[in-house]
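Structural overview for review
Listed here are the chains, written in short residue letters.
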Amino acid sequence: MLKINQGSPQHWALRTLGIAIIALVVVWVPTQMSTSRIGQFSDAFVLIIAAMSLNLVLGFTGQISIGHSAFFGIGGYTAAILIKDHGWSPGYTFYAAAVVAFVVGCLIALPALRIKGIYLALVTLAVAVLFPTLVKWKKLAWLTDGAKGIDSVRYDELPEWPVLGELKGRDGRAVFAYWLAFLVLVITYLVCRGLVKSRFGRSLVAIRDNETAAAVMGVNLTATKVLVFGASAALCALAGVLSTLRTGVITPEGQYVTLLGSIVFLLIMVVGGAGTLWGPIVGGLVYVWLDNTTRGFGSESDGVIGFLFGWSDQSPATLILGLALVIIMFVAPYGLVGLIKRLWAKVVLVVPKPAGTSLSTTGK
Amino acid sequence: MSLLSITGLAAGYGPLEVLHGFDLEVNQGEIVVILGANGAGKTTTMRAVSGMIPRRGRVEFDGQDISTASPDSIVRLGIAQVPQGRGTFADLTVEDNMMAGAYVRRDDVQADLERWFEVFPRLRERRTQRAGSLSGGEQQMLAIARALMSRPRLLLCDEPSLGLAPLITQELFGVLQKLNAEEGLSILLVEQNANLALKVAHRVYLLETGNVVSTGSAAELAADDSIRKAYLGS
Ligand SMILES: Nc1ncnc2c1ncn2[C@@H]1O[C@H](COP(=O)(O)OP(=O)(O)O)[C@@H](O)[C@H]1O
Ligand SMILES: [Mg+2]
């Protein structure tokens, strides 16, 4: 086993190497891979953002939400309505969607967070179920176009970004969507990281670990929970905007707008590692990979796969991921990231600084 | 001079009244112990003082009325609580637990961190470990150190001896006495164990089902026959 000190040149070298590998993959995908693969990665980025947003409330603060699909939908609809009905440039709809979702998130959180555990789960569940119904409501059709949803939501002309050059046609749009999703992902990651590693973030984990003790430390429980719920809703809305811009459509029954979306976000977060910054990233990539490799399993009629999944005409990714979740809960209570960290610690041990003032939450 | 002054304190949970209106006082520099059996309302008293539950009657801290103040403003005024069962944040490191204790402070807390690491050297050794991985005694030390990080003038300590070996408890009470003697910290301590309580207390309140039934100096209560029978088993 290799022992290195935190902050030593070796430690920095190792981190630089890690970042270089990630950067290489991030550039490799849109330049070397097929358009459909690029789309899959964009999809993964969207899900990762949504799972990261959920991670803030559930993973770090311990407040369950099964209602995040509604915030995803609010983001998507805000973008679609502003672009189609009001001629907004797509870029600005991110800000609007975040603001709308933040306000709605806070309003829902205010009464919901006074209750706990199973009741909070039920209230947020109701929000998830209510959202598609509300969107389909006849009296709101002037705004949402009812059940048929809103289509052709897109950039009329792709903005020119430095380095990327001119992007044209279907392939160009896929590459642009990829980089846009990546940009929002990086921003979301930095926001979450900034929040979690701050004094505010410490109060979130404190609430999760022991609410009473957090309160006697002077943490204002209601204000903190409402704020983090609003922030989380805003980030989730960004994922909704991205998804709508990429596919060009949003409908009340659309992917991730219904309750299923909330469950997918939840699965990704828990499988990847709740309460860790990298958990949603690992979980999202694994989910999209599984979703795509298992997609054909339902129509397969031969062999073991046909025997196991032939009865279903849908992608069994959610089912498989659900099973994986049960197994992971046993072998890795802190998700895949926890497992990776544990295995990695057998190879390289990073010795913490003796006088370190790190804000890290450990054991994850 | 009276630091904490409680008159006619009544509190409870919903329709259930647990405390029935008693008076209690903690003077500057005192260790006052609330002694009482399980369910007497000791923890409820702590919660009422720190603003965690609605209460009636008058609670004054340093001459200021805090009967309706919120928990965070009470911490800001200088009352810190070590909750029953320690309540350390298991997934935060020892150091981050202490930083969380300084949550209401906006100034530099590094010096305080070092200072309490001097008093609790075992916490320094474990500063980057998860609090959840500490032993019971270490967690109790951490809970106290964490409370001290807010620079309180009054420390509320709810049954710190709970679940600890006698030797560890002794060490813990030694630290509390030292904090009181050397730092002038006033302490309101809850205990079930009368032997322990009478050793450290300047004054004692005896709580029975939400009422103070007896009060006096530790020596007075130790000399009282009926109390010795009920609480000291001799
Ligand atoms: N959260 C609560 N909700 C309702 N009743 C409570 C609660 N906490 C304590 N009680 C009741 O209040 C009474 C006093 O409890 P407590 O103050 O915890 O006693 P002590 O700390 O002296 O053991 C008990 O009868 C207990 O059942
Ligand atoms: Mg108690």
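Residues numbered from 1 in each chain as written. Chains lettered and ligands numbered in written order. Predicted model: local features only at pLDDT ≥ 70, side-chain atom pairs only at ≥ 80, totals over all residues.

**Here we look at the overall build of chain A**
Counting secondary structure elements, chain A contains 15 helices and 2 strands. With respect to the principal axes defined by its C-alpha atoms, chain A has extents near 60 × 50 × 50 Å. Buried residues in chain A amount to 44% of all 364 residues. Sequence-distant contacts in chain A: of pairs separated by 6 or more residues, those separated by 24 or more amount to 74%. (Helix = DSSP H or I, 4+ residues; strand = E, 2+ residues; numbered from the N terminus. Buried ≥ 20, exposed ≤ 12 C-beta atoms within 10 Å, placed from the backbone. Contact = placed C-beta atoms within 7 Å.)

**What to know about the interface of chain B and chain A**
Frequently, the measure chosen for interface size is the accessible area removed from exposure when the parts meet. Facing 24 residues of chain B, the contacting portion of chain A comprises 22 residues. Elements with a contribution of two residues or more to the side of chain B that touches chain A: α2 (71–77) and α3 (94–101) of chain B. When the residues that make up the side of chain B that touches chain A are grouped by side-chain class, the tally is 11 nonpolar, 8 polar and 5 charged. (Nonpolar A, V, L, I, M, F, W, Y, C, P; charged D, E, K, R; others polar.)

**Concerning the sheet that holds strand β3 (residues 31–36) of chain B**
Pairing between the strands of a sheet comes from backbone hydrogen bonds, and it takes one of two forms, parallel or antiparallel. Residue and element names in this part refer to chain B. Read from one edge of the open sheet, 6 strands run β6-β7-β8-β3-β9-β10, paired in mixed fashion. Whereas interior strands pair on both sides, the edge strands pair on one side only; in this sheet they are β6 (79–82) and β10 (211–217). Taking the axes of each pair of neighbouring strands and ignoring which way they run, one obtains an average angle of 15° across the sheet. Bridge count between β6 and strand β7 (residues 154–158): 4 bridges; the pairing is parallel. In the sheet register, A80 faces β7, and the bridge partner there is L155. Contacts from helix α6 (residues 136–148) reach β6 and β7 within the one sheet, and its direction differs from that of β6 by about 165°. (Pairing = 2+ DSSP bridges. Axes fitted to C-alpha atoms, helices over the stretch in contact; angles between N-to-C directions.)

**Side note on the packing of helix α12 (residues 279–293) of chain A against helix α15 (residues 335–347) of chain A**
Residues and elements named next belong to chain A. Packing of α12 against α15 brings their axes to within 7 Å, and their N-to-C directions diverge by 110°. The orientation of α12 relative to α15 falls into the category roughly perpendicular. Here G279, V282, G283 and V286 of α12 come into contact with α15, specifically with G335, L336 and V337. Across the contact of α12 with α15, the residue classes tally to 4 nonpolar, 3 polar and no charged. (Parallel < 35°, antiparallel > 145°, perpendicular 65-115°, else oblique.)

**Observations concerning the packing of helix α3 (residues 68–86) of chain A against helix α4 (residues 90–112) of chain A**
All names here are of chain A. Where α3 meets α4, the closest approach of the two axes is 8 Å, and the angle between their N-to-C directions is 135°. Taken together, the axes of α3 and α4 lie oblique to each other. Seen from above, α3 lies across α4 with right-handed handedness. Here F71, I74, G75, T78, A79, L82 and I83 of α3 lie close against α4, whose contacting residues are P90, T93, A96, A97, V100, A101, V104 and G105. Here the residues of the contact of α3 with α4 sort into 11 nonpolar, 4 polar and no charged. (Left-handed = near helix turned anticlockwise from the far one by under 90°.)

**A look at the site of ligand 1**
All names here are of chain B. In the vicinity of ligand 1, the contacting residues are Y13, L16, V18, G36, N38, G39, A40, G41, K42, T43 and T44. Of all the secondary-structure elements, those providing two or more residues to the shell around ligand 1 are β2 (16–27) and α1 (42–49). Top element by residues in the shell around ligand 1 is α1. It accounts for 3 residues. Within the shell around ligand 1, the residues separate by chemical class into 4 nonpolar, 6 polar and 1 charged. (Near = placed C-beta within 6 Å.)

**Quick notes on unusual backbone geometry**
Positive phi outside glycine occurs at D145 of chain A, with the angle close to 65°. Despite not being glycine, R151 of chain B has its phi angle at roughly 55°, a positive value. Position of R151 of chain B relative to the elements: it lies in the loop between α6 and β7. For R151 of chain B, a count of 15 C-beta atoms within 10 Å corresponds to the partly exposed category.

**Some thoughts on the sheet that holds strand β4 (residues 55–61) of chain B**
Residues and elements named next belong to chain B. Taken in spatial order, the 4 strands line up as β2-β1-β4-β5 in an open sheet, and their pairing is antiparallel. Looking at the sheet topology across the chains shown, the edges are occupied by β2 and β5 (64–65). The sheet contact formed by strand β1 (residues 2–13) and β4 spans 6 bridges and is antiparallel. The partner of T7 across the bridge, within β4, is R58. Sheet strands touched by α1: β1, β2 and β4. Its angle to β2, the strand with the most contacts, is close to 70°.

**Quick look at the pairing of β1 of chain B**
Residue and element names in this part refer to chain B. As paired strands, β1 and β2 are joined by 9 bridges and run antiparallel to one another. For L9, the partnering residue across the bridge sits in β2 and is F22. Joining the antiparallel neighbours β1 and β2 is a turn of 2 residues, in which G14 adopts a positive phi near 60°.

**Digging into the nonpolar core**
Most often, soluble globular proteins have nonpolar side chains that are buried together. Residue and element names in this part refer to chain A. Counting 167 residues, the largest nonpolar core has A101 and A237 as its most contacted members. For this core, the leading source of residues is helix α2 (residues 35–60), giving 16 residues. If we skip the residues at most four places from it in the chain, A237 touches F71, F72, I74, G75, T78, A97, A98, V100 and A101. (Core = buried A, V, L, I, M, F, W, Y, C linked by C-beta atoms within 7 Å.)

**A few points about the environment of T258 of chain A**
When you line up the elements, T258 of chain A lands in the loop between α10 (221–247) and α11 (259–272). When sequence neighbours within four positions are dropped, the list of residues in contact with T258 of chain A reads S69, P132 and E253 of chain A.

**Observations concerning α10 of chain A**
Here α10 of chain A contains 27 residues, and its C-alpha end-to-end distance of 39 Å stays within 8% of the 39 Å for a straight helix at 1.5 Å per residue. The element α10 of chain A is largely enclosed, with a buried count of 20 among its 27 residues. (Expected span 1.5 Å × (residues − 1).)

**What about the confidence of the model for chain B?**
Taken over all residues, the pLDDT of chain B has a mean of 93, while the share at 70 or more is 99%. Both scores are given for the predicted complex: the pTM is 0.89, the ipTM 0.90. (pLDDT = per-residue confidence, 0-100.)

**Structural notes on the environment of I79 of chain B**
All names here are of chain B. For I79, the location among the structural elements is in strand β6. The buried category is assigned to I79, around which 28 C-beta atoms lie within 10 Å. Once the C-alpha coordinates of I79 and V26 are considered, the two residues, 53 residues apart in sequence, prove to be 12 Å apart. Leaving out residues up to four positions away in the same chain, I79 has contacts with V49, S50, F61, I74, P152, L154 and L156.

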